[in-house]
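Next come the chains, spelled out residue by residue.
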Amino acid sequence: MLMLKMLLFAALCVGSQGLKKLGAGTGPGQALDAMVDMASFGDYVYGAELGGNLKIVDVADKANPVELGEIPRGARGNARAVLVSGDLLYVAWRHAMVVYTLQNPAVPAVLNTFAPQDANRRNDRGIAESAHHIYVAYMNKMTRLESFYVLTKGSLNLVGMYTPALTTETDSLETMDMVHHDGKVYATRASVSHWRISTFLVSDPANPSLHAMKAIPDFGFGRIVHHEGSLYVSEVSNELWRVDAASLSQQPLTVPAAVTGKLCSDVQFRGSRMYLACRGAAG
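Here is a short report on the structure shown in this document.

Rules behind the numbers
- Every chain begins its residue count from 1, and numbering advances along the sequence as written.
- Given that this is a predicted model, residues contribute local features only at a pLDDT of at least 70 and side-chain atom pairs are listed and counted only at 80 or more, while totals for whole chains, interfaces and linings are drawn from all residues.
- Based on all heavy atoms of the structure, the side-chain values leave hydrogens and waters out of the count.
- Helix and strand assignments come from DSSP, with helices taken as H or I runs of at least 4 residues and strands as E runs of at least 2, each series counted from the N terminus.
- Think of a polar contact as two N or O atoms within 3.5 Å of one another; within protein, one of them needs to be a possible hydrogen donor and the other a possible acceptor, and neighboring residues in sequence only count if both atoms come from side chains.
- Only rings of Phe, Tyr and Trp enter the pairing, Trp through its six-membered ring, and a pair is recorded when the two centres are within 6.5 Å. The plane angle decides the type: under 30 degrees is stacked, over 60 is edge-to-face, the rest tilted.
- Note on exposure labels: buried denotes an accessible area under 20% of the residue type's maximum, exposed denotes more than 50%, and partly exposed covers the range between, all computed with a 1.4 Å probe on protein chains only.
- Counting as a charge over the ring demands two things of the Lys NZ or Arg CZ atom: a distance within 6 Å of the ring centre and an angle within 35 degrees of the ring normal.
- For this analysis, a nonpolar core means a set of buried residues of the types Ala, Val, Leu, Ile, Met, Phe, Trp, Tyr and Cys, connected via side-chain atoms within 4.5 Å.
- We call two residues in contact whenever any of their non-hydrogen atoms come within 4.5 Å of each other.
- At least two bridges found by DSSP between two strands are what make those strands a pair.
- For helices, the fitted axis covers only the stretch in contact; all axes are lines through C-alpha atoms, and the angles between them, taken along N-to-C directions, range from 0 to 180 degrees.

A closer look at the side chain of D177
Point 1. By the secondary structure assignment, D177 is in strand β16 (residues 174-181).
Point 2. At 3.0 Å, the side chain of D177 and the backbone nitrogen of I224 are in polar contact.

Overview of unusual backbone geometry
Point 1. In this structure, D182 is a non-glycine residue whose phi angle is positive, near 50°.
Point 2. Assignment of secondary structure puts D182 in the loop between β16 and β17 (184-190).
Point 3. With phi around 65°, L248 is a residue other than glycine that occupies positive phi space.
Point 4. Here L248 is to be found in the loop between β22 (239-244) and β23 (250-253).

Observations regarding the packing of aromatic side chains
Point 1. The tally for this structure, following the rule as stated, stands at 5 aromatic pairs.
Point 2. Plain terms: the ring middles of Y135 and F148 are 6.1 Å apart, the flat faces sit at 10° to each other, and that makes the pair stacked. Within this pair, whereas Y135 is found in strand β13 (residues 133-140), its partner F148 is found in strand β14 (residues 146-152), the two being separated by 13 residues in sequence. Each member of the pair Y135 and F148 is classed as buried.
Point 3. Between Y138 and Y149, the aromatic rings sit 6.3 Å apart at their centres with planes inclined by 75°, giving edge-to-face as the arrangement. Taken together, the residues span a long stretch of sequence, with Y138 in strand β13 and Y149 in strand β14 at a distance of 11 residues.
Point 4. Note on Y149: relative accessible area 3%, which makes it buried.
Point 5. Members of the aromatic cluster, connected to one another through ring pairs, are Y135, F148, Y162 and F200.
Point 6. Cation over ring: R76 sits above W93, and NZ or CZ is 4.3 Å from the ring centre.

Regarding the nonpolar core
Point 1. Counting residues in each nonpolar core, the largest one holds 17 residues, and the members touching the most others are Y46, L54, V82, L89, V91, W93 and Y100.
Point 2. Of all the secondary-structure elements, those providing two or more residues to this core are β3 (35-41), β4 (44-49), β5 (54-58), β7 (79-85), β8 (88-93) and β9 (97-101).
Point 3. Beyond its immediate stretch of four places on either side in the chain, L89 contacts Y46, L54, V82, L83, V84, V98, V99, Y100, L102 and P108.
Point 4. One finds Y90, A92, I127 and Y138 within the second-largest nonpolar core, a separate group that totals 15 residues.

Brief notes about the side chain of S230
Point 1. Its place among the elements puts S230 in strand β21 (residues 230-235).
Point 2. Non-local contacts of S230, meaning those with residues more than four positions away in its chain, are made with V225, R242, V243 and A245.

Thoughts on the sheet that holds β9
Point 1. One open sheet accounts for 4 strands, arranged β7-β8-β9-β10; its pairing is antiparallel. Every interior strand has two partners, whereas the edge strands, β7 and β10 (109-114), have only one. Recorded for the sheet is a direction-independent mean angle of 20° between the axes of neighbouring strands.
Point 2. Taken together, the 5 bridges between β9 and β10 define a ladder with antiparallel strand orientation. Of the residues in β10, the one forming a bridge with V98 is T113.

Encoded structure:
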């Protein structure tokens, strides 16, 4: 079984003064600790915690975040990935995708739900968005084949899907993260012995297809982002890779001395600056 990625060991916010570590927090639990994914809306952060619930945290006071409550996992299974788009919160639970309205951001309300017809399907991680669509992947735990879904934003109506037709060496590849750019979705995917970056064509959303796939070094369970024609993939064993979006060729990058030897699992850009989130450090 694939080991669960801890996306953020230290929760960070970016302000006019740069990068700042948030406090440990107060409330029902330790706010912003041990999250596998998180997203923000105004002064609120929504975090998928290791225990599977979705935490709701008030970060109006950046030094003292306050946990307001949680949405329990229930029959949907663990929360695996979160994304905020406009005033909607998308959560990929283990067995279903749910979109919530944030009219009251302290108490998200269910708007729509999408559940794959096959009850055996499960999500590992990753959501991507374009102007009109949401992209997510669910694996059939019996056949070990993962399907890639295109859903309409808001309604979560199924627009198109792609499922591998044959059993190949790519069996058991599970999506760790994904990002959309210019009619393509780039996904980091892994199994016990294979590590891949895959490119899905989604310019025709009703007929998504696998366009390219390339092996990459064992990068752990990294975040993938797109910036100025390149993909950047972070690795929990402290490596950072720049990947050409067209050829998928890779180039290792040197991480800052401040985070050398740390477990770095998130990379983000703010303008021309890159930020790494690591265990006990940031750069």
